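Structural overview
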Number of protein chains: 2
Amino acid sequence: MATTLDLRTLQWLSKEYHDMNGTHYETLDKPPSALEFSRLVHISRPVVIKGFEVHALERWTDEYLIERMGDRKISIAVTPNGRADAITPGPDGKLYFVEPHIQQMTMHNFLLSLAPNTEKMSWPAENQEICYLQSQNGNMYTSQFFESSPDQERQSELSEFEPLKADVPSEIPWCSQAFDRSPDAVNLWIGDSRSVTSIHSGSDPYENIYTVIRGTKHFTLLPPTDGWYLQERIYPHATYTRPSPVSTLTTTPSPLTTSPIRWSSILNPHLPDTLPREAHPMHISLKAGETLYLPAGWWHHVRQGLDENFSNAERGEELKEEKTIAVNWWYDFEGRGMGWVWLNLLRSGDVPYGNTT
Amino acid sequence: MATTLDLRTLQWLSKEYHDMNGTHYETLDKPPSALEFSRLVHISRPVVIKGFEVHALERWTDEYLIERMGDRKISIAVTPNGRADAITPGPDGKLYFVEPHIQQMTMHNFLLSLAPNTEKMSWPAENQEICYLQSQNGNMYTSQFFESSPDQERQSELSEFEPLKADVPSEIPWCSQAFDRSPDAVNLWIGDSRSVTSIHSGSDPYENIYTVIRGTKHFTLLPPTDGWYLQERIYPHATYTRPSPVSTLTTTPSPLTTSPIRWSSILNPHLPDTLPREAHPMHISLKAGETLYLPAGWWHHVRQGLDENFSNAERGEELKEEKTIAVNWWYDFEGRGMGWVWLNLLRSGDVPYGNTT
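Let me begin by describing the structure that accompanies this report. (Residues numbered from 1 in each chain as written. Chains lettered and ligands numbered in written order. Predicted model: local features only at pLDDT ≥ 70, side-chain atom pairs only at ≥ 80, totals over all residues. Heavy atoms only, no water.)

For chain A, the helix and strand inventory stands at 9 helices and 21 strands. Each of the 357 residues in chain A was classed as buried or not, and the buried ones make up 55%. The long-range share in chain A, meaning contacts at least 24 apart out of those at least 6 apart in sequence, stands at 83%. Total accessible area on chain A stands at roughly 16000 Å², and carbon and sulfur atoms take up 50% of it. (Helix = DSSP H or I, 4+ residues; strand = E, 2+ residues; numbered from the N terminus. Buried < 20%, exposed > 50% of the residue type's maximum accessible area, 1.4 Å probe, protein only. Contact = heavy atoms within 4.5 Å. Areas by Shrake-Rupley, 256 points an atom, 1.4 Å probe, with all protein chains shown as cover.)

Right, dumping it as structure tokens:
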């Protein structure tokens, strides 16, 4: 049995939700208690939280990261354009959902590739590969970490970032108590303004807690009720590959046995006039030391560092190129109750293929 | 702008919600902490809570109630059939939503009218008026109580049950903390098995905490996603009136200027075969000392005391006629987030008039 909502109902939901909630978001001056956070989870709207202290905030200079990580190899997403996991034209001109090339390198070499070590103004428009640490697989902590005894954990697959674990708590007490569970994954993200995360909400929705350690993250958010403005389409899957160690990256379509990917066809929802006027995007810029509660099912497009579209100047800040480092904690979404059902309903419609017009 | 969900979507929602949640309800051996309760509110499913102690539980014998209330007059709902606020045929054979006649009497006279003082077996089928204390207007505490200073409160309209207030807390700490607000109303309910509350969910949904003080309450519950099985219709409004002090009650249609009432056309959803097989009613019987969390938007039909349809015998209990006394706390529903929008969507369809076939 399947269902779909008609356009009139989708419009009604978007308008009703906006009428009830606007585009306001709350900012807390200090982390909430578990009870306060539980109430916020029930409301399920983005919240900016200041004052959540993790050791990484004082410790993570380039020098520290390089020294602690030493010769270890870490998995870095490499793309020709900074758009990993995004819709991009392939060699045949058709649009693909393209996953990054994954390359192993040392922290030292990785950080060298990022601003401000690179001369931004001299980046050529093409043939300049862009690195982004965005492995999203629980690169700091996985659910296995919480399920294992310390001994078992030590023997199981170790994090690539084992030497940095002491700087990032495996879980956030007020979150774990409110959600009544440990995180499913804790991820480290390091990149610069050339890398962008295209808009998505996650087919397996997570409750997301996102803390900026250095630099700035710029979120463009849409509530679940506005998802249909993003015009999801079905795209064939591809990966950036490097045929030989000295080749440039090429887009390699995956075998037809690889499932196609459902993804928004709106590539730059943070730019004016890319969304219908009726949509209600929220723009939240998160500075170092600030944490975002990004509720399950919310659509998010994420940029970072220097951003001409985000006027630092208006806030009296100097524009500067910088690395952005962030950590996020993913908690499983509460499966009981209505939450899943509503999110499924909102995405229950048939989605057309992206390359047919 | 209005919308409506088609039958296919309504069926899908009902099935999906049931597939995710079943008809299970949790029973807690002791009251939850505020944090635990906040999590339960987020899930928004019925929960039975044992061990919530209020003084009324030990104190409220008939003798105590009569002694404390003395000569005060209290407002009692009187009907010929035990169905206050229910769909009933009027003198013209048409169906009406009929409100009870409200009569002032002492607690002593009111309790005398109830089982087991009355000889149940000798109740005539007709012309036997049935009394139910069900005023639902915050008869114990109103929101005014929480907004006023003690002095102001004393001068404002006093509760009819002022002498019983010491036995019922004005708010429940773990609820007020979880909801982050005081109750909007606290109500006292006293009746016997002849009185029934017809199924409804409330157009202004409340979070409801319901504690049985004496006797038994039998709830038939349906989740918000099953509401459409209840086939709401629009009915004209009427009131039971007593033309002269010695008359029997008659159904008096209200002036046409009185808004008609939207109500379920299924009168006995607790009985087998009254609902479609696809509906998923839950049956919960609550004994003295037990508390039900009845989440906002859940449909509820409520019976009490002796009930041939509820097999006390199966639980090894003797069938006996008894008074049932309960207290409930209504807390305003959280208006932020999705909750309101979804409940409105589920009831957004056009509803036909009840007297046209």
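That shown, we press on.
Residue and element names in this part refer to chain A. Taken in spatial order, the 3 strands line up as 7-3-8 in an open sheet, and their pairing is antiparallel. The sheet terminates laterally at strand 7 (101–105) and strand 8 (130–132), the two strands that pair on one side only. Each adjacent strand pair in this sheet contributes to an overall mean axis angle of 40 degrees, direction not counted. Note that strand 3 (residues 74–79) and strand 7 share 5 bridges and pair antiparallel. Across the sheet, I74 pairs through a bridge with M105, a residue of strand 7. (Pairing = 2+ DSSP bridges. Axes fitted to C-alpha atoms, helices over the stretch in contact; angles between N-to-C directions.)

Residue and element names in this part refer to chain A. Of all the residues in helix 4 (residues 62–69), the buried ones are D62, Y64, L65 and M69. The arc that holds every buried residue of helix 4, seen down its axis, measures 165 degrees, which confines them to one face. Exposed and facing more than 90 degrees away from the buried side of helix 4 are E63 and E67. Considering only its buried residues, helix 4 is in contact with helix 3 (56–59), strand 3, helix 5 (107–112), strand 10 (185–191), strand 12 (206–214) and strand 21 (324–332). (Arc of directions from axis to C-beta.)

Moving on, we get to the packing of aromatic side chains. Following the criterion strictly, the structure yields 33 aromatic pairs over all chains and no others. An angle of 35 degrees between the planes, with centres 6.0 Å apart, marks the rings of W189 of chain A and Y210 of chain A as tilted. Separated by 21 residues along the polypeptide, W189 of chain A in strand 10 and Y210 of chain A in strand 12 bring together distant segments of the chain. The buried category is assigned to W189 of chain A, whose relative accessible area is 6%. Residues F52 of chain B and W329 of chain B carry aromatic rings whose centres are separated by 5.8 Å and whose planes lie at 70 degrees to one another, so their mutual orientation is edge-to-face. (Phe/Tyr/Trp six-rings, centres within 6.5 Å; stacked < 30°, edge-to-face > 60°.)

Let us now look at the sheet that holds strand 10 of chain A. Residue and element names in this part refer to chain A. Ordered by their spatial adjacency, 7 strands build an open sheet running 1-2-19-12-21-10-9, and the pairing between neighbours is mixed. Taken across any chain shown, the strands that pair with only one partner, and hence form the sheet edges, are strand 1 (26–28) and strand 9 (141–142). Relative to strand 19 (residues 290–294), strand 12 runs antiparallel, the two being bridged by 4 bridges. Paired with I209 across the two strands is Y293, which belongs to strand 19. Contacts from helix 2 (residues 34–43) reach strand 1, strand 2 (47–50), strand 12 and strand 19 within the one sheet, and its direction differs from that of strand 19 by about 45 degrees.

Attention now goes to the relation of the copies chain B and chain A. Expressed as a screw transformation, the operator carrying chain B onto chain A has a rotation angle of 180 degrees and an axial translation of 0.0 Å, and the superposed copies differ by an RMSD of 0.0 Å. Overall, the copies show the geometry of a two-fold rotation axis. Interface residue correspondence from chain B to chain A reaches 100%, placing this contact among same-surface, isologous pairings. (Least-squares fit on C-alpha atoms with pLDDT ≥ 70 in both.)

With that settled, consider empty space enclosed by the protein. Going through the model one piece at a time under the given rule, you end up with 3 cavities of 30 Å³ or more. Its boundaries defined by the atoms lining it, the largest cavity holds a volume of some 530 Å³. Lining the largest cavity are 30 residues, and of these M338 and W342 of chain A together with M338, G339 and W342 of chain B lie nearest its centre. Mapped by element, the contributors of at least two residues to the lining of the largest cavity are helix 2 and helix 9 (339–346) of chain A together with helix 2 (34–43) and helix 9 (339–346) of chain B. Taken together, the residues of the lining of the largest cavity break down into 16 nonpolar, 8 polar and 6 charged. (1 Å grid on protein atoms, 1.4 Å probe; cavity = no way out; pocket = protein on both sides within 12 Å on 5 of 7 lines; lining within 4 Å. Points joined across faces, edges and corners; volume = space filled by probe spheres on them. Nonpolar A, V, L, I, M, F, W, Y, C, P; charged D, E, K, R; others polar.)

With that settled, the discussion passes to the interface of chain B and chain A. The interface of chain B with chain A comprises 40 residues on the first partner and 40 residues on the second. Taking both sides of the interface into account, the surface hidden between chain B and chain A amounts to around 3900 Å²; carbon and sulfur atoms contribute 69%. The tally of links from chain B across to chain A stands at 2 salt bridges. The partner of R39 of chain B in a salt bridge is D180 of chain A, with the nearest N and O atoms 3.6 Å apart. (Buried area = accessible area lost by both parts, 1.4 Å probe. Salt bridge = Lys/Arg side-chain N within 4 Å of Asp/Glu carboxyl O.)

So, on to the environment of P223 of chain B. Residue and element names in this part refer to chain B. Of note, P223 is situated in the loop between strand 12 (216–222) and strand 13 (232–235). Separated by 16 residues in sequence, P223 and T239 have C-alpha atoms that sit 30 Å apart. Those residues in contact with P223 that lie beyond four places of it in its chain are Y17, H280, W298 and W299.

The next subject is the nonpolar core. Core analysis: the biggest nonpolar cluster contains 50 residues, and L292 of chain A together with L292 of chain B have the highest contact counts within it. Not counting residues within four places of it along the chain, the set of residues in contact with L292 of chain A comprises P46, V47, V48, N208, I209, Y210, F219, L221, I284 and L286 of chain A. (Core = buried A, V, L, I, M, F, W, Y, C linked by side-chain atoms within 4.5 Å.)

With that settled, consider the pattern of salt bridges. Inspection of the entire model under this criterion finds 24 salt bridges over all chains. Here R194 of chain B ties to D192 of chain B by a salt bridge, and the two come within 2.8 Å at their closest N and O atoms. The exposure classification of R194 of chain B matches that of D192 of chain B, with both residues buried. Within the structure, one salt-bridge network assembled from shared partners comprises D62, R214 and K323 of chain A.

Attention now moves to the packing of helix 9 of chain A against helix 9 of chain B. Contact geometry of helix 9 of chain A with helix 9 of chain B gives a least axis separation of 12 Å together with a crossing angle of 70 degrees. Judged by the inter-axis angle, helix 9 of chain A sits roughly perpendicular to helix 9 of chain B. Judged by the sense of rotation from one axis to the other, the crossing of helix 9 of chain A with helix 9 of chain B is left-handed. Residue-level inspection shows W342, L345 and L346 of chain A of helix 9 of chain A in contact with helix 9 of chain B, the latter providing W342, L345 and L346 of chain B. Split into classes, the residues belonging to the contact of helix 9 of chain A with helix 9 of chain B amount to 6 nonpolar, no polar and no charged. (Parallel < 35°, antiparallel > 145°, perpendicular 65-115°, else oblique. Left-handed = near helix turned anticlockwise from the far one by under 90°.)

Looking now at the side chain of S44 of chain A. Residues and elements named next belong to chain A. Structurally, the position occupied by S44 is in the loop between helix 2 and strand 2. For S44, a relative accessible area of 17% translates into the label buried. Sequence-distant contacts of S44, defined by excluding residues within four places in its chain, comprise Y17, Y293, P295, A296 and W298.

Residues and elements named next belong to chain B. Most of helix 2 is tucked away: 8 of the 10 residues are buried. Restricting attention to buried positions, one finds in helix 2 the residues A34, L35, F37, S38, R39, L40, V41 and I43. Among the residues trailing helix 2, S44 stands out with phi positive, at a value near 60 degrees.

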